[in-house]
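Fold and contact review
Given next are the chains, with one letter for each unit.
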Amino acid sequence: MLRPRDSHDLRLIQTNLNLSPLASIRWIHDVFGNSIAIASFSEPTAELRIESNLRLETFAVKRPIFQITAEAVSYPFIYSADDRIDLGRLLDRHYPDPTDRLGSWARGFVRSNPTDTLALLADLNRGVAKFINYQSRETEGTQSPIETLSRGWGSCRDFAVLFMEAARCLGFGARVVSGYLYNPSASAIGAGSTHAWVDVYVPGSGWIAYDPTNGTIDSGDLIRVAVTRDINQSVPIAGSFVGALDSYVGMTVEVAVTPESRMSAKAGAR
């Protein structure tokens, strides 16, 4: 899952996927409409190298004010019947919370009843970084929201899952997004590797991107590759190999996003 999603705000100009050893590749769209490359290898190798070179153009324009429907300006609000059907499982919590710890933490951001919807989501977005310390983590898997709250630290994917599940606690439709982060100021967290953030569905404005790791909202520096219901569905590279149990010795990932007359992105895994 390395190919960005073409849209009105992102246009792919050129793509090049190189694999060593050589492989036969077929492309499919998954249930979410993400582009998936399935590679099949026929030769043995001591190292697998995957390099994706992309050239793309972004058209992100900062919206001065999010235009949302009058019924959703104040929280709590109720999604329309059609929206609830289409959002489906994106409204449901996915992680156990037997003592309502996460639910209580999320409701702590609700200042009043009713309260401003966009202000609530902004407070929650900032609140994740306020309560949780960022720590890059190379180990496989993602912490549950309760684990992240208990430990007080996490990576970008842990931040994203915590924010997404907290938003669902409050009744919002939310999905996880994986992709790349353009870092022109060298101050953003998550550049140099794959990055994760969250889309929240707000009637009238549609999907709004929240990056709790950096505290940004609808940033034009985010390059969207995949949107999924659960973080485990957005693993950039997954697969299996035939060999001895101790054959796997490690993996390195490098992502570089550099500006040109058009923006380009290069991702590599080994």
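Residues numbered from 1 in each chain as written. Predicted model: local features only at pLDDT ≥ 70, side-chain atom pairs only at ≥ 80, totals over all residues. Heavy atoms only, no water.

Okay, the overall build of the chain next. Across its full length, the chain carries five helices and 15 strands. The C-alpha atoms of the chain give 19 Å as radius of gyration, which agrees with the globular expectation for 270 residues (18 Å, within 12%). Structurally, the chain occupies a C-alpha span of about 60 × 45 × 40 Å along its principal axes. Residues classed as buried in the chain amount to 42% of the 270 residues present. In the chain, the share of contacts with a sequence separation of at least 24, taken over all contacts with a separation of at least 6, comes to 66%. Seen as two clouds, the 26 positive and the 29 negative side-chain charges of the chain have centres 2 Å apart. (Helix = DSSP H or I, 4+ residues; strand = E, 2+ residues; numbered from the N terminus. Rg over C-alpha atoms; globule rule 2.2 N^0.38 Å. Buried < 20%, exposed > 50% of the residue type's maximum accessible area, 1.4 Å probe, protein only. Contact = heavy atoms within 4.5 Å. Lys, Arg positive; Asp, Glu negative; His and termini not counted. Charge placed at Lys NZ, Arg CZ, Asp CG, Glu CD.)

Another aspect to go through is unusual backbone geometry. The linkage connecting Ser 20 with the following residue, Pro 21, adopts the cis geometry, with an omega of 5°. Within the secondary structure layout, Pro 21 lies in the loop between strand E1 (10-20) and strand E2 (23-29). The omega angle of the peptide bond from Tyr 75 to Pro 76 is 5°, so this bond is cis rather than trans. Here Pro 76 shows up in the loop between strand E5 (74-75) and helix H1 (81-87). The residue Asp 100 is not glycine, and still its phi comes out positive at about 60°. With respect to the helices and strands, Asp 100 occurs in the loop between H1 and helix H2 (101-107). A positive phi angle is found at Asp 218, which is not glycine, with a value near 55°. By the secondary structure assignment, Asp 218 is in the loop between strand E12 (216-217) and strand E13 (222-228).

Turning our eyes to something else, we now look at helix H3 (residues 117-131). Side chains of residues three or four places apart in an α-helix project in the same direction, reflecting 3.6 residues per turn. In this model, H3 (15 residues) spans 21 Å end to end at C-alpha, consistent with the 21 Å of a helix rising 1.5 Å per residue. Capping the start of H3, Asp 116 holds a side-chain oxygen 3.2 Å from the backbone nitrogen of Leu 118, two or three residues further along. (Expected span 1.5 Å × (residues − 1). Polar contact = N/O pair within 3.5 Å; in protein donor to acceptor, adjacent residues only side chain to side chain.)

Keep in mind that these numbers describe shape and distance, not what the molecule does.
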